Amino acid sequence: MNSPSFPTTRMRRLRQNPALRKLVQETRLDPHDFILPLFVRGGKELRTPIGSMPGHFQLSLDEFSREIEAISSLGLGGVLLFGIPGKKDATGSESYREDGIVQQAVRAAKCVNPEMLVITDVCFCEYTDHGHCGAIVERNEHYEVDNDATLKLLGKQAVSHAEAGADVIAPSGMMDGMIQAIRGSLDQMGFQHLAIMSYAAKYASAFYGPFREAAESTPQFGDRRGYQMDPAANVDQALREVALDLAEGADLIMVKPALAYLDVIRNVRVEFPGVPLAAYNVSGEYSMVKAAAAQGWIDERATALEMLLAMKRAGASILISYWAKDVANWVE
Ligand code: PBG
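These numbers come from a predicted model, not from an experiment. Per-chain numbering applies: the sequence of each chain, read as written, is numbered from 1 onward. Given that this is a predicted model, residues contribute local features only at a pLDDT of at least 70 and side-chain atom pairs are listed and counted only at 80 or more, while totals for whole chains, interfaces and linings are drawn from all residues. The side-chain numbers reported here are obtained from all heavy atoms of the structure, hydrogens and water having been left aside.

### Details of helix H8 (residues 262-271)
Just so we agree on the cut-off: Each residue gets one of three labels from its accessible area relative to the maximum for its type: buried under 20%, exposed over 50%, partly exposed in between, using a 1.4 Å probe on protein chains only. The numbering of helices and of strands both runs from the N terminus, where a helix is a DSSP run of H or I of at least 4 residues and a strand a run of E of at least 2. In this description, the arc belongs to the directions extending from the helix axis to the C-beta atoms. Only heavy atoms enter the contact rule, under which two residues are in contact if any of them lie within 4.5 Å.
Listed in full, the buried residues belonging to H8 are Val264, Ile265, Val268 and Arg269. The buried side chains of H8 occupy one side of the element, clustering within an arc of 135 degrees when seen end-on. Packing partners of the buried residues in H8 comprise strand E9 (195-202), helix H7 (235-248), strand E10 (252-256), strand E11 (277-281) and helix H10 (300-314).

Written as structure tokens, this is what we have:
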């Protein structure tokens, strides 16, 4: 670049009023890019507040239907469903029942608004009594998630979501081969058309804390470092995860969390141009801002919009965020 310097060049010329600033900005937030996570549970007329995530609730099916109706006019990209089952067991068998909580919620959402894009999180941590993301085996006197046994169960769960009418299946358990297994099970059952959004680069993160209260999915022993990625791992490892998931048939890719992983988002964007890339603006990122705003220490709207803008600028085309509804009202 050999553009002339000051005083010929003055960067402030294009910053002097809102119209000029708007003309030259390249990153804009659009409600259509946003996915709203929702938590569904059993019971009736329940809108149980999630203490650590003000503005979010565990919704019983009737309340959930009301919520879908209420958000239908906002122009959001879709919803991402998490279920809180009535019963948990060692293999999370509630997760693949035809009348399971998520399966019922998918049907309810489609009944209220057939056009609403419904994505389902496919995982076991909400459904197992031990709170891990798959079946457990004992190996060398310690317990760990059995990868290949979990793959079979993941296929079952994905098919049950497909049968209920989900539009996109989003496996989040970080099992090796999960996309291949789910793709195979879906295809075998006639769901070749159904898209898979892979939580491809998902880190073992402290930022999931509030979610575990929301989804009642805290591991009862140990942690998730044996399957989720190490935050200190080289970015190349994230690229390998993405490449593997794409080779196995993933249609959309996700990086999670978002705020502390903007470098990962950027690198995935550059390395895999053209692949729809979602960033998950996770519970901890939301709760921190909410808590500070409640103290009057930070401006929630400005801070949230700046964070979300950064995720998009880094390269995410889809934003999964607990602020999705707010964004629809904030950006007109
Ligand atoms: C696992 C899952 C988690 C989140 C989404 N899917 C929790 C975990 O891996 O422990 C976290 C989302 C958030 O923090 O907002 N089913």
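### Quick notes on unusual backbone geometry
Along the chain, Phe6 connects to Pro7 via a cis peptide bond; the corresponding omega equals 10 degrees. At Asn140, a residue that is not glycine, the phi angle is positive and equals roughly 45 degrees. In this structure, Asn140 sits in the loop between strand E6 (136-139) and strand E7 (142-145). Of note in the backbone geometry, Glu141 takes a positive phi value of approximately 65 degrees without being a glycine.

### Observations concerning a nonpolar patch on the surface
Note the following rule: Only residues above 30% relative accessible area that lack a salt bridge enter a patch, with like-charged residues linked at up to 9 Å and the nonpolar side chains Val, Leu, Ile, Met, Phe, Trp and Tyr linked at up to 5 Å. Values of accessible area rely on a 1.4 Å probe in the Shrake-Rupley scheme; residue burial ignores everything except the protein chains shown. By convention in these notes, a salt bridge is any Lys or Arg side-chain nitrogen within 4 Å of a carboxyl oxygen on Asp or Glu.
On the surface, Leu14, Leu23 and Val24 cluster together into a nonpolar patch covering about 300 Å² of accessible area. Tracing the backbone through its elements, the reader meets Leu14 in the segment before helix H1 (18-24).

### Focus on the pairing of strand E8 (residues 168-171)
Within a regular strand, the side chains alternate between the two sheet faces. In plain terms, the rule: At least two DSSP bridges between two strands are needed for those strands to be called paired. A crossover counts as right-handed when, viewed with the strands pointing away from the observer, the path leading from the first strand over the helix to the second turns clockwise.
Side chains Val168 and Ala170 of E8 all project onto a buried face; the interleaved residues Ile169 and Pro171 project onto the opposite face, where all are buried too. Inspection of the sheet shows strand E5 (residues 118-122) paired to E8 by four bridges, in the parallel sense. Bridging from a neighbouring strand, Ile119 pairs with Val168 of E8. Bridge count for E8 against E9 is two bridges, and the pairing is parallel. When the bridges of E9 are listed, Val168 appears paired with Ala195. Crossover connection from E8 via helix H5 (residues 178-188) to parallel E9: handedness right-handed.

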